[in-house]
Amino acid sequence: MRARVIGSGVSGLTSALCLVESGFEVEIWAREFPPHTTSNVAAAIWYPYKAGPADKVERWARESYVRFRELALDPESGVLMREGIELLPDADSPPRWRTTLDAFRVARRAELPEDCGSGFVFRAPVIEMPVYLEFLRRRFVTRGGVIRQRAVSSADEALSDCPLVVDCAGLGARELAHDRELHAIRGQVVRVERRGVERFLLDDFGPRGLTYVIPRSGDCVLGSTVENDREDLTPDDATTRAIVERCTARVPEL
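Each residue is numbered by its place in its chain's sequence as written, counting from 1. In keeping with the model being predicted, local features are shown solely for residues with a pLDDT of at least 70 and side-chain atom pairs are shown and tallied solely at 80 or more, while totals for entire chains, interfaces and linings include all residues. Hydrogens and waters are ignored; side-chain quantities use all the structure's heavy atoms.

J.: Help me understand helix α2 (residues 54-71), please; the structure alone is not making it clear to me.
T.: Counting along an α-helix, one turn takes 3.6 residues, and residues three or four places apart therefore face a common direction. Working definition: helices are DSSP H or I runs of at least four residues, strands are E runs of at least two. Numbering for both runs from the N terminus. Expected helix span is computed as 1.5 Å times (number of residues minus one). In a regular helix each residue adds 1.5 Å, so 18 residues correspond to 26 Å; α2 covers 25 Å between its end C-alpha atoms and thus fits that length. Within α2, the full set of buried residues consists of Val57, Ala61, Tyr65, Phe68 and Leu71. End-on, the buried residues of α2 take up no more than an arc of 125°, which puts them together on one face. In what follows, a contact means two residues having at least one pair of non-hydrogen atoms within 4.5 Å. Its buried side turned inward, α2 meets β3 (79-88), β5 (118-127) and α3 (129-142). Only protein chains enter the accessibility calculation, which uses a 1.4 Å probe; a residue is then buried when its area is under 20% of its type maximum, exposed when over 50%, and partly exposed in between. Read the arc as the range of directions from the helix axis to the C-beta atoms.

J.: Just checking my understanding: could you explain the nonpolar core for this structure?
T.: Across soluble globular proteins, nonpolar side chains have a tendency to be buried as a group. Counting residues in each nonpolar core, the largest one holds 40 residues, and the members touching the most others are Val26, Trp46, Phe122 and Tyr132. Top contributing element to this core by residue count: α3, with six residues. Ignoring any residue separated from it by four or fewer positions in sequence, one finds Tyr132 in contact with Val10, Phe68, Leu71, Ser77, Val79 and Ile127. Throughout this description, the term nonpolar core refers to a set of buried Ala, Val, Leu, Ile, Met, Phe, Trp, Tyr and Cys residues connected via side-chain atoms within 4.5 Å.

J.: Where do I start with the packing of aromatic side chains in this structure?
T.: Here a ring pair, both rings aromatic, is described through the centre-centre distance and the interplanar angle of the planes. Centre distance within 6.5 Å is the pairing criterion for rings of Phe, Tyr and Trp, where only the six-membered ring of Trp is used; planes under 30 degrees apart are then read as stacked, over 60 as edge-to-face, and the remainder as tilted. All chains considered together, the criterion is met by 12 aromatic pairs. Ring centres of Trp46 and Tyr65 lie 5.2 Å apart, and the angle between their planes is 70°; this geometry places the pair in the edge-to-face category. Taken together, the residues Trp46 in the loop between β2 (25-30) and α2 and Tyr65 in helix α2 connect sequence positions 19 residues apart. For Trp46, a relative accessible area of 5% corresponds to the buried category. With 6.2 Å between their ring centres and 50° between their planes, Tyr47 and Tyr49 make a pair best called tilted. The partly exposed category is assigned to Tyr49, whose relative accessible area is 35%. Taken together, the ring pairs connect Trp46, Tyr47, Tyr49, Tyr65, Trp97, Phe104, Phe120, Phe122 and Phe200 into an aromatic cluster. Here, a charge over a ring means that NZ of Lys or CZ of Arg falls within 6 Å of the ring centre while also lying within 35 degrees of the ring normal. One cation-aromatic arrangement involves Arg4 over Trp29; the distance from NZ or CZ to the ring centre is 3.9 Å. Geometry around Trp29 places Arg150 over its ring, the cationic atom sitting 3.9 Å from the centre.

J.: Before we go on, may I ask you to explain the pattern of salt bridges in this structure?
T.: Working definition: two side chains of opposite charge can pair if their charged atoms are close together. Here, a salt bridge means any Lys or Arg side-chain nitrogen found within 4 Å of an Asp or Glu carboxyl oxygen. Applying the stated criterion to the full structure yields 30 salt bridges. The residue Glu63 makes a salt bridge to Arg59 at a minimum N-O spacing of 3.6 Å. Taken together, the positions of Glu63 and Arg59, both in helix α2 and four residues apart, correspond to about one turn of that helix. The exposure class assigned to Glu63 is partly exposed, which follows from its relative accessible area of 47%. Here Glu111 ties to Arg108 by a salt bridge, and the two come within 3.9 Å at their closest N and O atoms. Shared partners join several salt bridges into a network, and the residues in it are Glu83, Arg105, Arg108, Glu111 and Arg199.

Shape descriptors only; they carry no functional weight alone.
Following this line, the structure appears as structure tokens:
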């Protein structure tokens, strides 16, 4: 029972850990390791966002919520349960995934900015990715998993001496899986001091663009941008200033 996982971001490490815990002999092949992965800079928060198909996402969301809630009991996991608010321009029906949560309610008028018509307050897992990725890596290696730094040029290369390969290569899957429809969506974020901020904030409909504030153990991640088909990793100073401005407008404590 041998398996090989390509990639060492959150999908790769999670897949590898699940396999090794199920009795497989597992090795990871990866070109880059944390902190040099996309996963490492994610905010990150549990939220079913722009994902499909809906029936599968609903089940995945429910299962992952329960698992992250369990992980939040381990102080080494980097997972925290936090209350937060999602802002909406108009009154809207509560999402179907609300039944999964331990706490969910419609926001009170006093909790909303003047330009928002409604909102939801709920409790969700916030995952501090640098801590969480190391937590996954440590558990994988402790259970006998092997990690090798190796760039993979084709799926055939990975399958040459292993019957099961899991492709978690991110954009690298364009070549490995010959999937030319796979494209990048660039998101720039800003990391700042937490300054006592305890609630996360999500605003996907504000006039100045996608806005979120995700408080972690010692900092906040502010976002963001959604730039299709752009793979440039150089931070843009004007974008940084715009993100800080609109996040501070929503959360003055920053």
